[in-house]
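# Inside the fold
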Amino acid sequence: MKNLLFILLFLDSFNINSQPLTFEENYRAHKRYWFYRARVINDFMKIDNEQGNCIMLAERNYEYTGQEQKDQYNKYYSKVGPDQIDLTNMYLANLALEYKLLSRANQSTQETIKEIYYILKTLNRLDNEADQFWEQNKLS
């Protein structure tokens, strides 16, 4: 019992904060969020209704060709892996939180709603395509 009391008093002595305390820290975190959100949309996914869109890329790299010509020096390519749908699901959860926070602050949620719509439509399309393969395997 004494050990438990000692541990609780020891842990209580730490000053643990879950949120930034100053306005400047909050402002930097807010600015950083919108920077990374724009980077995700511009570099790691395309928001649209066509095949292959709204799927998060796991990694984006540059390909070094070894030539000094500017148009062939760095080419974009993306690494495709099995975790794209998991990343897309996490991004959907992030958009849901963003919608809630923006609606609480009486800010525009039109872009967030559009992204949620396209991502849900993409996930439904992928599910329907997977069902076709599942049915073919069951018949075989």
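Summarised in this report is the structure supplied together with it. Since the structure is predicted, the reported quantities are computational estimates derived from the model, not experimental observations. (Residues numbered from 1 in each chain as written. Predicted model: local features only at pLDDT ≥ 70, side-chain atom pairs only at ≥ 80, totals over all residues. Heavy atoms only, no water.)

### Topic: the pattern of salt bridges
Two side chains carrying opposite charge are able to pair once their charged atoms lie near each other. Here is the rule we go by: Criterion for a salt bridge: a side-chain nitrogen of Lys or Arg within 4 Å of a carboxyl oxygen of Asp or Glu. Strands here are runs of E lasting at least two residues and helices are runs of H or I lasting at least four, both read from the DSSP assignment and numbered beginning at the N terminus. A simple rule labels every residue: compare its accessible area, found with a 1.4 Å probe on the protein chains alone, to the largest value its type can have, and call it buried under 20%, exposed over 50%, or partly exposed in between.
For the coordinates displayed, the defined rule picks out 5 salt bridges. R37 is paired through a salt bridge with E98; the nearest N and O atoms lie 2.7 Å apart. Of this pair, R37 sits in helix α2 (residues 23–44) while E98 sits in helix α4 (residues 84–104); the two residues are 61 residues apart in sequence, bridging distant segments of the chain. Looking at R37, the relative accessible area reads 8%, which means it is buried. Classification of E98 by relative accessible area gives buried; the value is 5%. K114 serves as the salt-bridge partner of E111, at 3.4 Å between the closest nitrogen and oxygen. Taken together, the residues E111 and K114, both in helix α5 (residues 110–139) and 3 residues apart, mark about one turn of the helix. Given the relative accessible area of 37%, K114 is considered partly exposed. Salt bridges sharing partners connect three or more residues here, namely R37, E98 and E115.

Function cannot be read off these values alone, since they describe shape.
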